[in-house]
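Each chain, written out:
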Amino acid sequence: MATTRMLNQTTVVTRRYRYVVLLLLISCDIIGVNGGFFLAYYLNLDAIVREFQPPSAGQVLLTLAVLNALFGTLFTANGLYRMQRGGSRIDEGYHIFRAIAIGTVMFIALNTVFPLLNITTQTLVYGWILAIILTTILRLLYHQGIGQLRLRGYDTRRVLIVGAGEIGQLVYRQMSKVPTLGYQIIGFLSNDIPTGQQVLDDVPVLGKRAKLGLAVRTCAIDEVIIAVSGASYNDIFDLVSQIDDESVAIKIYPDAFQLITNNEVSVGELSGLPLITLRAVPLDRQLNRTIKRLLDVAVSAAVLIMLSPLLLLIGILIKIDSPGPAFFIQERVGRDGRPFKMIKYRSMRTDAEKMGTWTTPNDDRRTRLGTFLRRFSIDELPQFINVLLGDMSVVGPRPEQPRYVAQFSEQIPRYMHRHREKAGITGWAQVNGLRGDTSIEERTRYDLYYIENWSPMFDIKIIIRTAYDAIRGNENAY
């Protein structure tokens, strides 16, 4: 009883701390937005003074009140205060850009109709740019600071994972990779592993799944992650109903959630009659395909033109480093199962295919230069030629050889669904570390998620993350 009371007191303190963290984030945004527009006003002060009378204190205060109310509303509407852990910084940057852009346009229109402050449109445009830069920088510093505090035990979340099998352990490993997120995994619930047995890193099984409600209350859990492979609708419903009245966040791993909802299912109507549409994925629409193709052509043409001297130099260095051609051309399977010839820089000996299949860490088939090329994904650059030819896309599921496609299609459910779209140079699975000798089943999950949730912004996000990983060097790129 005393332990439960102590945990509840800790939870209250933690929740109060979260309000402080939220206020700190709001303060960063206020400083960023106001600082950006103030700096723009100061830089254009001479032009403003020549054209207008200096504003009164009342005008300045009213302008600041309107400005902050407007941008505060837009930041909230764009989900910038949801306090999500592990969210993409690229997505956050996009939402900041969108909120400040919309806010600036609205403020320009408002200032034109009801002049609040004697200010030029040029100053507001400068303010828009500076506000985006300052707000983004302050938010990055904020996230770094909060990450360090979480490492010291502040702003933590107590997590319980329902399911201790392969899926539950995968969730645990992924969450443990980023300790700055502040997740404290208290334990697992499992019907298959005995209570008290340790699963990973001395984290124990606390009981059966039927004891979920008791475990949440006893251990003061903040977040429950349901990671039960092949769970039915009734299984998920029973678990959620146990903690319906608890103040706890509930997240469901997609494998378990598949029988409740699916990204390929949408509800529409025909003359008032509700109908369910299956497999209405975004890239089935011609407009979206056109947008994606335009993005592919623009990115691949820009890369090939800008890097052409480097591409030529790499080809020469490969010829000098080891005997054989500069390029490695291999048949792969693309959209709708059609084969095509994929181009890469040769990074292995010419007899590499005769000696094995998958590349492994410290693979002795690699050339000296090839080890470096693979580490930084430079060997993939010629595939931008495949993109221009229309065989591939910049972003999409990675293409496999025909023999592997035949094998995996028999072993992995829905594997062939990934061939509904063009293969990609990079993909959602790759930027999440699933490359090299990693689980094909898990890669397939990520590929299907990408196909079912495609958007231009999703592609841009993956491209940026790929560029960052390439510069940093990828541990799984061997």
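Our subject is the structure that appears above.
**Observations regarding the pairing of strand β4 (residues 203-207)**
In step 1: The pairing of strand β2 (residues 183-189) with β4 spans 2 bridges and is classified as parallel. Along β4, the bridge assignment pairs L189 with G207.
In step 2: The turn linking strand β3 (residues 198-200) back onto β4 is made up of 2 residues, and D201 within it adopts a positive phi angle of 50 degrees.

**Re the nonpolar core**
In step 1: With 29 residues, the main nonpolar core has L373, F384, W428, Y450 and I462 as its most contacted residues.
In step 2: Counting 24 residues, the second-largest nonpolar core is a separate cluster that includes Y17, L70, A99 and L124.

**Points about the packing of aromatic side chains**
In step 1: For the coordinates displayed, the defined rule picks out 12 aromatic pairs.
In step 2: Connected via pairs of aromatic rings, a cluster forms that spans W428, Y449, Y450 and F458.

**Topic: the pattern of salt bridges**
In step 1: Within this structure, the stated rule accounts for 18 salt bridges.
In step 2: A salt bridge links K461 to D91, with the nearest nitrogen and oxygen atoms 2.9 Å apart. Of this pair, K461 sits in helix α18 (residues 456-472) while D91 sits in helix α4 (residues 89-113), and the two are 370 residues apart along the sequence.
In step 3: Overall, the relative accessible area of 26% leaves D91 in the partly exposed class.
In step 4: The salt bridge involving R414 is made with E452; its shortest N-O contact spans 2.7 Å.

**Thoughts on the sheet that holds strand β1 (residues 157-162)**
In step 1: One open sheet holds the 6 strands; their spatial order is β3-β4-β2-β1-β5-β6, and the pairing between them is mixed. The open sheet has two edge strands with one neighbour each: β3 and β6 (249-252). For this sheet the average axis-to-axis angle between neighbouring strands, irrespective of direction, equals 35 degrees.
In step 2: Pairing analysis gives 6 bridges linking β1 to β2, with the strands arranged parallel. Opposite V159, over in β2, you have I185 as the bridge partner.
In step 3: On the sheet, helix α6 (residues 166-176) packs against β1, β2, β3, β4 and β5 (223-226) and is oriented at approximately 170 degrees with respect to β2.

How each quantity is defined
- Residues numbered from 1 in each chain as written.
- Predicted model: local features only at pLDDT ≥ 70, side-chain atom pairs only at ≥ 80, totals over all residues.
- Heavy atoms only, no water.
- Pairing = 2+ DSSP bridges.
- Helix = DSSP H or I, 4+ residues; strand = E, 2+ residues; numbered from the N terminus.
- Core = buried A, V, L, I, M, F, W, Y, C linked by side-chain atoms within 4.5 Å.
- Buried < 20%, exposed > 50% of the residue type's maximum accessible area, 1.4 Å probe, protein only.
- Phe/Tyr/Trp six-rings, centres within 6.5 Å; stacked < 30°, edge-to-face > 60°.
- Salt bridge = Lys/Arg side-chain N within 4 Å of Asp/Glu carboxyl O.
- Axes fitted to C-alpha atoms, helices over the stretch in contact; angles between N-to-C directions.
- Contact = heavy atoms within 4.5 Å.

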